[in-house]
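Letter by letter, the chains look like this.
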Amino acid sequence: MNGAHDDGGAHDASLARTAPGEAGAHDEGGAVSSAALVVAGVGLWMPGFPNAAAWASRMQDPAAEKPRGLAFDRVNRRRASLLGRALSDAAAEAMAAAGVDPARVPTVVGSSLGEAATMIGLLEQMWRLHTPMSPAAFTVSVHNAASGLLSISNGNRGFTTSLAADFDTPAAALLEAAGLVAARGEPVLVACGDEVAPEHLVPEALRFDLLAAAVVLAPAWHPGPRLAGLRVVLGGAPDLQPAADTPRLARHPQAGLVDLIDALLAGRRGSVRLDRGAGAGWCAELSEPEAS
Amino acid sequence: MPITAYANLNALGGTRADILAALAAGRSGLVPWDGPFPVLTMVGAVRTELPALDGALARWDTRCARMAAWLLAELDQPLRRARERWRPERIAVLLGTSTAGAETTERAYRTYVEQGVLPAAFDFRRQHTFGAVLHVVATLTGARGPTWMVSTACTSSAKPLASAQRLIAAGTIDAAIVGGIDTLCSMTLLGFQSLGALDRGICRPFGTERAGINIGEGGALLLLERDGDARVLLAGVGESSDAYHVSAPHPEGRGARDAMSAALAQAGLRPGDVDYINAHGTGTRLNDVAEAGAIRALFGAEVPVVSTKAYTGHTLGGAGAIEAAFAAYAIEEGWIPPSLNAAPLDPAVTIRVPTVLTRGMFRRALSNSFAFGGNNVSVLLRAP
């Protein structure tokens, strides 16, 4: 193809530009990484642990069997799946901790499988029940159901996305958020979750439970809460081991994000592997946040 | 930012020449649906023969993955050059889909219901999930940078252009394979049928007699690089949310206008600078009038607006990338196709919708994609 080079000018003036090798992008040793960020808040929901504080204390609450959908309005709470409600609870906690406005914060939702239970329900309607497909179920079977319901519930007309990357979903969501923070200079919500892996389709040895975790990332100069500095690095040397484990948690696609939250809540500094060894090797490097 | 190469696959064909020939002739690629459920509608089925994946990728074989492999083969030379220029860790794979391997899962589930066991060859992780297609693309290209699949319904394959743009600007990567793919499946057909959104014949975007959409399949992949020779540049991407309804657009196209405005702002352009708009233009009563209203409010009545949905069907998660490629064709070729089936134009649609092939200098072209969840993306391309 012919044509002029174009790597400047006004066409992407709103993006923070960094040339190869410049500050923060990647070092001469070859590591590929995000720019430096801070973590401004965290949130979590898993059965028995309805928030990050409960998880940090390992004080199980038997009443916390189902997520509530705290960041949804009443109508959309009814529409949402259990996955959507778990994502909503984790997101609500993280947004409150970071002091960000749910009506404005750009949102990245990550899920390896997405609305798997809703999809199974539609397949049952098709092949076993032979009933007409539910239009309500169909419209919330899309992977971005939770991000859409968050946007609608909170009147947020800004950026929202939904992505998947198998066991690299936490890293992918953090990298997408890092790009947004760099381009926009404002905090970004990341909420990742997966629901109970579908029994019909996944062998017992690969199944896991409902879980959602959230963080708010912000520019390094962010004046609000600052739990730690964070950089997402490919192929780092993880030195922080998972603080808690069960087989079903260990194989959860979002386990790496739980490990990151564990480290943040304990005030640990170092490198956390984001994929539990099952992905490409992305790590989160935690450091003392620079003075804002 | 240069788009150094792109490839497109849809109901019109699997090569640039075939697709351009159909667009120039105003020839629809839609055919009657003949899937396992009797849904009376037309679909944009890909008729290009797609070779099965073999060797180490045989267990990852799905229709979606085969389409990815086809598109990568079309980009073989540019990808080789990119690999020579950039380290593999700094080449990202950022794609979009709404269906991924749903077509394969659907058939496997039928077997499960009828026989009590899944087909022996079915592997949920390798064939159903979003990660499966990513694995195939990363393996075939050797890219080892950030890798993810956006799934925001009908904006899925447009959003990766913005993600890549941000990661390149932030210095995290130097190049990215972006775009996306969707395949036809019964679940999608039945779902849109349940919403009363399917046209029985070929859809009629912006037409007064429009009655709904046709579903299509296909995809497009684009190679974005930090610098390089290109005939088309990514000038800006606008992303917004309606914050209105799960499946209906805001009646005044509020979110659509926000996305188009954001694309212009990022590109440093004014509305009058845009020469052509490839509309989302699905053919539903609500979408077309809302989108036309937003375009009229922002751009006025003169810019030509074409919907290509009557050629390919609505390719859902593939539409953003496929139609970004259509916008790129306009810039490169100096003509835009007729907006097929738009006549007679809905009087409520007060924008310019050409129904004949139009020649001209189209130096800046905008492509719209709007989705369930009120998710909106506008991709703005320009000539160097």
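Before reading on, note that the structure itself is shown above.
The sections below set out a description of the structure shown in this document. (Residues numbered from 1 in each chain as written. Chains lettered and ligands numbered in written order. Predicted model: local features only at pLDDT ≥ 70, side-chain atom pairs only at ≥ 80, totals over all residues.)

**Considering the overall build of chain A**
Argument step 1. Within chain A one finds nine helices and nine strands.
Argument step 2. Pairs at least 24 residues apart make up 70% of the contacts formed inside chain A by residues separated by at least 6 positions. (Helix = DSSP H or I, 4+ residues; strand = E, 2+ residues; numbered from the N terminus. Contact = placed C-beta atoms within 7 Å.)

**Points about the nonpolar core**
Argument step 1. Of all hydrophobic cores here, the largest spans 233 residues; its most connected members are Leu189, Val190 and Leu217 of chain A together with Val133, Ala176 and Leu381 of chain B.
Argument step 2. Setting aside its immediate chain neighbours within four residues, Leu217 of chain A contacts Leu37, Val39, Ala177, Ala178, Val181, Pro187, Val188, Val190 and Leu230 of chain A. (Core = buried A, V, L, I, M, F, W, Y, C linked by C-beta atoms within 7 Å. Buried ≥ 20, exposed ≤ 12 C-beta atoms within 10 Å, placed from the backbone.)

**Concerning unusual backbone geometry**
Argument step 1. Each neighbour pair has its own omega, and for Ala343 of chain B with Pro344 of chain B the value is -5°, a cis peptide bond.
Argument step 2. Counting through the fold element by element, Pro344 of chain B comes out in the loop between strand 12 (335-336) and strand 13 (358-359).
Argument step 3. In the Ramachandran plot, Arg276 of chain A falls in the positive-phi region, its phi being about 50° despite a non-glycine side chain.
Argument step 4. Mapped onto the secondary structure, Arg276 of chain A falls in the loop between strand 8 (270-273) and strand 9 (282-287).
Argument step 5. Taking the C-beta count within 10 Å as the criterion, Arg276 of chain A has 20 such neighbours and is therefore assigned buried.
Argument step 6. Although it is not a glycine, Asn341 of chain B sits at a positive phi angle of roughly 70°.
Argument step 7. Residue Asn341 of chain B is classed as buried on the basis of its 23 C-beta neighbours within 10 Å.

**Some words on the interface of chain B and chain A**
Argument step 1. Taken together, the contact between chain B and chain A spans 70 residues of the former and 75 residues of the latter.
Argument step 2. Listing elements by their share of the side of chain B that touches chain A, those giving two or more residues are strand 1 (2-9), helix 4 (102-115), helix 6 (130-141), strand 5 (147-150), helix 7 (159-169), helix 8 (186-194), strand 9 (232-241) and helix 9 (254-267) of chain B.
Argument step 3. A per-class count over the side of chain B that touches chain A returns 30 nonpolar, 27 polar and 13 charged.
Argument step 4. Here strand 4 (residues 160-164) of chain A runs beside strand 5 of chain B; their pairing, made up of two bridges, is antiparallel. In the sheet register, Leu163 of chain A faces strand 5 of chain B, and the bridge partner there is Val150 of chain B. (Nonpolar A, V, L, I, M, F, W, Y, C, P; charged D, E, K, R; others polar. Pairing = 2+ DSSP bridges.)

**A short note on the environment of Leu175 of chain A**
Argument step 1. Mapped onto the fold, Leu175 of chain A is located in helix 7 (residues 169-184).
Argument step 2. Considering only alpha carbons, one finds Leu175 of chain A and Val190 of chain A, 15 residues apart in sequence, at a separation of 10.0 Å.
Argument step 3. Other than its neighbours up to four places away in sequence, Leu175 of chain A contacts Ser34 and Val232 of chain A together with Pro146 of chain B.

**Remarks on helix 3 (residues 82-98) of chain A**
Residues and elements named next belong to chain A.
Argument step 1. Spanning 17 residues, helix 3 covers 24 Å between terminal C-alpha atoms, matching the ideal 24 Å at 1.5 Å per step.
Argument step 2. In terms of burial, helix 3 is largely enclosed, as 15 of its 17 residues are buried.
Argument step 3. One or two residues past the end of helix 3 sits Gly99, with phi positive at roughly 70°. (Expected span 1.5 Å × (residues − 1).)

**Things to note about the pairing of strand 14 (residues 364-371) of chain B**
All names here are of chain B.
Argument step 1. Strand 14 sits mainly inside the fold: eight of its eight residues count as buried.
Argument step 2. Of the two faces of strand 14, the one carrying Arg364, Leu366, Asn368 and Phe370 and the one carrying Ala365, Ser367, Ser369 and Ala371 are both buried.
Argument step 3. As paired strands, strand 14 and strand 15 (residues 375-382) are joined by eight bridges and run antiparallel to one another. The residue of strand 15 that forms the bridge with Asn368 is Ser378.

**Topic: the packing of helix 4 (residues 116-129) of chain A against helix 4 of chain B**
Argument step 1. At a closest axis distance of 9 Å, the pairing of helix 4 of chain A and helix 4 of chain B adopts a crossing angle of 50°. As judged from the angle between their axes, helix 4 of chain A and helix 4 of chain B are oblique. Two packed elements cross with a definite hand, and for helix 4 of chain A against helix 4 of chain B that hand is right-handed. The residues of helix 4 of chain B that touch helix 4 of chain A, namely those facing Leu123, Trp127 and Arg128 of chain A, are Glu106, Tyr109, Arg110 and Val113 of chain B.
Argument step 2. Looking at side-chain class alone, the contact of helix 4 of chain A with helix 4 of chain B contains four nonpolar, no polar and three charged residues. (Axes fitted to C-alpha atoms, helices over the stretch in contact; angles between N-to-C directions. Parallel < 35°, antiparallel > 145°, perpendicular 65-115°, else oblique. Left-handed = near helix turned anticlockwise from the far one by under 90°.)

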